[in-house]
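# Tertiary structure, described
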Amino acid sequence: MTRACCGPSYGEAIHRRARAFKAVNWLALAASPTFAIMALLMGILGGPADICSTGQNASALSGMTFMYLLMSVFHVAPWLKLASSLGSSRSRRSDP
């Protein structure tokens, strides 16, 4: 049988899946800084969603700014995993 008939080999399918997991990991790392930047921009510049809360006593942590800060905190786990894996690999290298 030809390769066109049977599709990709098992090894190629594993390689594609590994590349997809790497892409997902990088996307997970992008989420927290993106939300932090959005919170910073909303806190400094404001935005259309904050127009309704423009009263004199309105907090800077209300509305979209607070939501973006929460989202940034919720998505920090991949960064913590990366930091712990880098720390553990450094300690393994320094062990005699």
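First things first, this report covers the structure right here in the doc. (Residues numbered from 1 in each chain as written. Predicted model: local features only at pLDDT ≥ 70, side-chain atom pairs only at ≥ 80, totals over all residues. Heavy atoms only, no water.)

Another point: helix H3 (residues 64–74). All of the buried residues along H3 are Thr 65, Tyr 68 and Ser 72. Looking straight down H3, one finds that the buried residues subtend no more than 65 degrees of arc, so they occupy a single side. In H3, the exposed positions angled more than 90 degrees off the buried face are occupied by Val 73 and Phe 74. (Buried < 20%, exposed > 50% of the residue type's maximum accessible area, 1.4 Å probe, protein only. Helix = DSSP H or I, 4+ residues; strand = E, 2+ residues; numbered from the N terminus. Arc of directions from axis to C-beta.)

Let's shift gears to the environment of Met 71. Inspection of the secondary structure assignment puts Met 71 in helix H3. As for Met 71 and Phe 35, which are separated by 36 residues in sequence, their C-alpha atoms are 6.3 Å apart.

In this structure, Ala 31, Phe 35, Ala 39, Met 42 and Tyr 68 together form the largest nonpolar core, which totals 5 residues. Examining the composition of this core, we find that 4 residues originate from one element, helix H2 (residues 10–45), more than from any other. Apart from the residues lying within four places of it in its own chain, the contact partners of Tyr 68 are Phe 35, Met 38, Ala 39 and Met 42. (Core = buried A, V, L, I, M, F, W, Y, C linked by side-chain atoms within 4.5 Å. Contact = heavy atoms within 4.5 Å.)

For the rest of this paragraph, the subject is a nonpolar patch on the surface. A cluster of nonpolar side chains, Ile 37, Leu 40, Leu 41, Ile 44 and Leu 45, forms an exposed patch at the surface whose accessible area comes to about 540 Å². Examined against the element boundaries, Leu 40 turns out to sit in helix H2. Residue classification places Leu 40 among the exposed residues on the basis of a relative accessible area of 52%. (Patch = residues over 30% accessible without salt bridge, like charges linked within 9 Å, V, L, I, M, F, W, Y side chains within 5 Å. Areas by Shrake-Rupley, 256 points an atom, 1.4 Å probe, with all protein chains shown as cover. Salt bridge = Lys/Arg side-chain N within 4 Å of Asp/Glu carboxyl O.)

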